[in-house]
4 protein chains.
Amino acid sequence: MSPKSSRWSEYTLRRRVLFYEVDSAGIVHFSNYFRYMEEAEHALWRAAGLSIVRREAGVGFPRVAAAFEYHRPLRFDDEFDVRIQVTAVRERSMRYRCTLMRGEEKIATGTVAVVCVEVEADGSMMAVALPPTIAGRFTAVPEAGG
Amino acid sequence: MSPKSSRWSEYTLRRRVLFYEVDSAGIVHFSNYFRYMEEAEHALWRAAGLSIVRREAGVGFPRVAAAFEYHRPLRFDDEFDVRIQVTAVRERSMRYRCTLMRGEEKIATGTVAVVCVEVEADGSMMAVALPPTIAGRFTAVPEAGG
Amino acid sequence: MSPKSSRWSEYTLRRRVLFYEVDSAGIVHFSNYFRYMEEAEHALWRAAGLSIVRREAGVGFPRVAAAFEYHRPLRFDDEFDVRIQVTAVRERSMRYRCTLMRGEEKIATGTVAVVCVEVEADGSMMAVALPPTIAGRFTAVPEAGG
Amino acid sequence: MSPKSSRWSEYTLRRRVLFYEVDSAGIVHFSNYFRYMEEAEHALWRAAGLSIVRREAGVGFPRVAAAFEYHRPLRFDDEFDVRIQVTAVRERSMRYRCTLMRGEEKIATGTVAVVCVEVEADGSMMAVALPPTIAGRFTAVPEAGG
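Residues numbered from 1 in each chain as written. Chains lettered and ligands numbered in written order. Predicted model: local features only at pLDDT ≥ 70, side-chain atom pairs only at ≥ 80, totals over all residues. Heavy atoms only, no water.

*Asks:* Explanation requested: the overall build of chain A in the structure shown.
*Replies:* The helix and strand inventory of chain A stands at 2 helices and 8 strands. Ordered by position in the sequence, the α and β elements of chain A form the string β-α-β-β-β-β-β-β-β-α. Here the C-alpha atoms of chain A give a radius of gyration of 16 Å, agreeing with the 15 Å that 2.2 N^0.38 yields for 146 residues. For chain A, the C-alpha atoms occupy an extent of roughly 45 × 35 × 25 Å along the three principal directions. Looking at chain A residue by residue over its 146 residues, the buried ones come to 55%. Taking contacts inside chain A between residues at least 6 apart in sequence as the whole, the part at least 24 apart equals 69%. Here chain A has roughly 6,300 Å² of accessible surface; of this, 50% comes from carbon and sulfur atoms. On chain A, the mean spot of the 20 positive side-chain charges and the mean spot of the 19 negative ones are 3 Å from each other. (Helix = DSSP H or I, 4+ residues; strand = E, 2+ residues; numbered from the N terminus. Rg over C-alpha atoms; globule rule 2.2 N^0.38 Å. Buried < 20%, exposed > 50% of the residue type's maximum accessible area, 1.4 Å probe, protein only. Contact = heavy atoms within 4.5 Å. Areas by Shrake-Rupley, 256 points an atom, 1.4 Å probe, with all protein chains shown as cover. Lys, Arg positive; Asp, Glu negative; His and termini not counted. Charge placed at Lys NZ, Arg CZ, Asp CG, Glu CD.)

*Asks:* Looking at this model, I keep getting lost on the interface of chain D and chain C. Mind explaining?
*Replies:* Put simply, an interface is often sized by how much accessible area is lost when its parts join up. Counting residues at the interface gives 22 residues for chain D, matched by 22 residues for chain C. Taking both partners together, chain D and chain C bury about 1,900 Å²; carbon and sulfur atoms supply 59% of that area. Between chain D and chain C we count 0 salt bridges in total. The residue inventory of the side of chain D that touches chain C, partitioned by class, reads 11 nonpolar, 5 polar and 6 charged. By the bridge criterion, 5 bridges tie strand β3 (residues 63-70) of chain C to strand β3 (residues 63-70) of chain D in an arrangement that is antiparallel. Residue alanine 65 of chain C lies in a different strand from β3 of chain D, and its bridge partner there is glutamate 69 of chain D. (Buried area = accessible area lost by both parts, 1.4 Å probe. Salt bridge = Lys/Arg side-chain N within 4 Å of Asp/Glu carboxyl O. Nonpolar A, V, L, I, M, F, W, Y, C, P; charged D, E, K, R; others polar. Pairing = 2+ DSSP bridges.)

*Asks:* Hey, could you run me through the packing of aromatic side chains in this one?
*Replies:* Aromatic ring pairs are described here by two measures, namely the spacing of the ring centres and the angle between the planes. What the rule picks out here adds up to 46 aromatic pairs over all chains. A centroid spacing of 6.3 Å and a plane angle of 75 degrees characterise the contact between phenylalanine 30 of chain A and tyrosine 70 of chain A, whose relative ring orientation is edge-to-face. Note that phenylalanine 30 of chain A is positioned in the loop between β1 (10-16) and α1 (32-47) and tyrosine 70 of chain A in strand β3 (residues 63-70), a separation of 40 residues in sequence. The interplanar angle of 90 degrees and the centroid separation of 4.9 Å between the aromatic rings of tyrosine 33 of chain A and tyrosine 70 of chain A together place this pair among those described as edge-to-face. Placement of the pair is tyrosine 33 of chain A in helix α1 and tyrosine 70 of chain A in strand β3, with a sequence separation of 37 residues. On the basis of relative accessibility, which here comes to 9%, the residue tyrosine 70 of chain A falls in the buried class. A cation sits over an aromatic face here: arginine 63 of chain A above phenylalanine 30 of chain B, 5.2 Å from the ring centre. (Phe/Tyr/Trp six-rings, centres within 6.5 Å; stacked < 30°, edge-to-face > 60°. Lys NZ or Arg CZ within 6 Å of the ring centre and 35° of its normal.)

*Asks:* Would you mind showing me how to read the sheet that holds strand β2 (residues 59-60) of chain C here?
*Replies:* Paired through their backbone hydrogen bonds, the strands of a sheet run either parallel or antiparallel. Residue and element names in this part refer to chain C. Strands sit in the order β2-β7-β8 across an open sheet of 3 strands; the sheet is antiparallel. The two strands at the open ends of the sheet, each matched to only one other strand, are β2 and β8 (125-127). Alignment of strand β7 (residues 117-119) against β8, held across 3 bridges, turns out to be antiparallel. Looking across to β8, one finds that valine 119 is bridged to methionine 125.

*Asks:* Before we go on, may I ask you to explain the relation of the copies chain D and chain C in this structure?
*Replies:* Two copies of the chain are present, and they differ by a rotation about an axis and a shift along that axis. Overlaying chain D on chain C yields an RMSD of 0.0 Å, the required transformation being a rotation through 180 degrees with an accompanying axial translation of 0.0 Å. Taken together, these values place the two copies in the relation of a two-fold axis. Nearest to the rotation axis, the C-alpha of alanine 67 of chain D is located 2.0 Å from it, this being the minimum over chain D. When the interface residues of chain D are mapped onto chain C, 95% of them again fall at the interface, so both copies present the same face. (Least-squares fit on C-alpha atoms with pLDDT ≥ 70 in both.)

*Asks:* Looking at this model, I keep getting lost on the interface of chain A and chain B. Mind explaining?
*Replies:* Counting from both sides, the interface comprises 23 residues of chain A and, opposite them, 23 residues of chain B. Both faces combined, the contact of chain A with chain B buries some 1,900 Å², and carbon together with sulfur accounts for 59% of it. Counting across the chain A and chain B interface gives 10 residue pairs in polar contact (both at pLDDT 80 or more). Broken down by secondary-structure element, the contributors of at least two residues to the side of chain A that touches chain B are α1 and β3 of chain A. Ranked by residue count, the leading element in the side of chain A that touches chain B is β3 of chain A, at 8 residues. (Polar contact = N/O pair within 3.5 Å; in protein donor to acceptor, adjacent residues only side chain to side chain.)

*Asks:* Before we go on, may I ask you to explain the sheet that holds strand β8 (residues 125-127) of chain B in this structure?
*Replies:* In space, the 3 strands of this open sheet follow the order β2-β7-β8 (chain B), with antiparallel pairing throughout. Both edges of this open sheet fall to β2 (59-60) and β8 of chain B, since each of them pairs with a single strand only.

*Asks:* Please explain helix α1 (residues 32-47) of chain D as it appears in this structure.
*Replies:* Because an α-helix packs 3.6 residues into every turn, residues spaced three or four apart end up facing the same way. Residue and element names in this part refer to chain D. The end-to-end C-alpha separation of α1 is 23 Å, in line with the 22 Å expected for 16 residues at 1.5 Å each. Of all 16 residues in α1, 15 are buried; the element is thus mostly enclosed. Once α1 ends, the next one or two residues include glycine 49, with phi positive near 85 degrees. (Expected span 1.5 Å × (residues − 1).)

*Asks:* Any chance you could explain the nonpolar core here in plain terms?
*Replies:* It is characteristic of soluble globular proteins that their nonpolar side chains tend to be buried jointly. Core analysis: the largest hydrophobic core is formed by 172 residues, its most contacted members being Leu100 of chain A, Leu100 of chain B, Leu100 of chain C together with Leu100 of chain D. Each residue touching leucine 100 of chain D, except ones within four places of it in the same chain, is listed here: Tyr33, Tyr36, Phe68, Leu74, Phe80, Asp81, Val82, Glu105, Lys106, Ile107 and Ala108 of chain D. (Core = buried A, V, L, I, M, F, W, Y, C linked by side-chain atoms within 4.5 Å.)

*Asks:* How do you make sense of the relation of the copies chain A and chain B when you look at a structure like this?
*Replies:* For the match of chain A to chain B, the screw axis carries a shift of 0.0 Å, the RMSD comes to 0.0 Å, and the turn is 180 degrees. When the interface residues of chain A are mapped onto chain B, 100% of them again lie at the interface, so the same face is used by both copies.

*Asks:* Before we go on, may I ask you to explain the pattern of salt bridges in this structure?
*Replies:* Side-chain pairs of opposite charge can arise whenever the charged atoms involved come near each other. A complete count under the given rule lists 45 salt bridges over all chains for this structure. In this structure, the salt-bridge partner of aspartate 78 of chain A is arginine 102 of chain A, at a minimum N-O distance of 2.8 Å. Here arginine 102 of chain A lies in strand β5 (residues 93-102) and aspartate 78 of chain A lies in the loop between β3 and β4 (79-89), a separation of 24 residues in the sequence. Using a relative accessible area of 21% as the deciding quantity, one classes arginine 102 of chain A as partly exposed. A salt bridge links arginine 72 of chain B to glutamate 105 of chain B; the shortest N-O distance between them is 3.0 Å. With arginine 72 of chain B in the loop between β3 (63-70) and β4 (79-89) and glutamate 105 of chain B in strand β6 (residues 105-115), this residue pair connects regions lying 33 residues apart in the sequence. On the basis of relative accessible area, arginine 72 of chain B is assigned to the partly exposed category, the value being 38%. Judged by its relative accessible area of 31%, glutamate 105 of chain B is partly exposed.

*Asks:* Whenever I open this one, the pairing of strand β5 (residues 93-102) of chain B confuses me. Can you help?
*Replies:* Along any regular strand, the residues point their side chains to alternate faces of the sheet. Residues and elements named next belong to chain B. Sheet topology note: the β4/β5 ladder contains 8 bridges and is antiparallel. Looking across to β5, one finds that glutamine 85 is bridged to arginine 97. The hairpin turn running from β4 into β5, its antiparallel successor, is 3 residues long. Between the antiparallel neighbours β5 and β6 lie 2 residues, among them glycine 103 with a positive phi of about 60 degrees.

Have a look at this one:
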C-alpha cells in the first residue's frame, strides 16, 4: 500500500461472510460480491483521505459497468480478502479490478468502471472531470496479469 | 413468449423499484440489477414449469460469471421491465442476456452464465450435465444484436 | 379497501418470495419481513394517491419503532399477502399493524411507528406536524383484534 | 467480556456503516439494524467457541420475535458499536437485548428471541431443548435497566 503522502493504487480489505449474505444453497449470493467490491473501493478512498460521498465536492460516482467471474464459493463465517486495484484514472472516469482470496485460493475476480458526475437540482446527472483533489490521490497499478 | 408445450427462450418481468433498493444518491444500487436479472430468470423457469431450486432434481445452478452495463439510473417507484433471454444451452451450462427498459428507455444490459452442479454430502460441487427435463424446456434465442 | 375519494385504512399486497430473500436455513431471513411491511406501506400510500418520498412536501417519515412476531416460516417461491393497516394517525406520527398470510395460515404479525420530520440543510431532522394533504388521506382502522 | 473458560453473557462488535446500507434519505435503512443485531449475536457465539450454523449439531435457531426502537439515525461511514447481551437462556429458547452506540450517543435498542429447532427431512421444524454444549456456554446478564 502506498504511503499517505503519495498516490494510492490498491487496498486490501479483510472481511468475514455474514449470515444474511448466504443463500439457500449455502453459499454467498453472487450479487453480494459487487457489494464487497464497493466496500473495498470505499476503504481505498478512506485510506487515501477521501470520502466517496463528500457532498461538498458536489460530485458522485455512479457505476457504468461491473462484472465478476466466480471461481469458488464462499460460505458462512469464511474469512477472505478483497483486494481492489485502480486500473485507470481518466479525465471523467476510473476503473478498478478486484480479487477475492480465501487464503491462497482465488475465489472471484471482478471489475468496475465509475464515472464522475455532477448532480443537477432536478436529479439528472452530467459527466464532469474528476476534481484534482480526487484525481491526484490515485494512480493506476502497473500493467500486469490479474 | 413461447407456448407452454414448446421450448422457452425469454421472459419479461414487470417490476417496480422498492424503497430499500435505492441508495443515498437516490438511484437503485448497482448490485440490485443482478437481483432483478435473477428474479426474471426464475420467472422464466416458473413459466416453463420448472423451479430453479427443485431439491429432488439434486442439481443447482451457481453463477460463474455476471456483468451489467448501466445506461440510465432507476429511481424509487419507477416501473420497469426486465427481459431475460436464453443465449446458450450447453451440456453443463446456460447463458442469459438481460435488458432493463423503462418504457422506451434502455436502462441497463446484463449477462449471466450458470453451471449445472451436483452438490455432494460435504457441500462440494461438481459440474454435471443438465437433466433432460431441464435442457428440453429451453432453447437459445436466434443470433442478434445485444 | 376504501374508495379513492375517502380515507384509507388498509392495503393488501400480494407478494412472492424471491431467491435472495431466503437464507441458508431455507427460510426467508427475518430482516426481510420489515422490508415487506414497508413495501405494503408504500403501496398503501400509492393507492391513496401519495408518495412517501415526495421531495416537494419537504417531509420524511423515519421509523421510530418496528417489531415482528414470526409464527411460521416462508420459503422460496411461496406466494403470500402482506396486509397493512393504519392503527393511529396522530399530530406528528403514524402507526401501522401488518399481517403476513400464506392462504389461511398466519405467517407473521408486525407493527411500525413512523414520525413526520423536516430535514434541515445540515441533514438533521425535526419532528413536525403531518401535512394536512397527508393526514387527510388516512384514518385508523376500528379497534379490534389483529 | 467473560473469559473463554466460563459462560458468555455479552459481546460488543465495532462496525462501520456501508454505502449499500444507507437509504435515499441518507440514513441506515431500519431493516439493517436487525442484521447488525444478528451479526453481533453470531460474533458472541464465535467468541464462545460456537457456530450458529453447525450442521452436525442438527439444530437451528429461527427467530420468533424481533424489535427495535430507533433513537438517532446512522449515516454512511459512521463507526458504531453493537452490544448484544443474553437476557434469558431457557430450555428451548434464548433472548437477547441489543444496544447500538455511536460513541456516547445511544442510536437504537433492540431485542430478539430465538427458538432451538430440529429440522426434519421434509424441512419442517420442531422445537427441541438447547443442546448442553450450547446452553452451557451462555448465561443471562444480571437484571438491570437497558
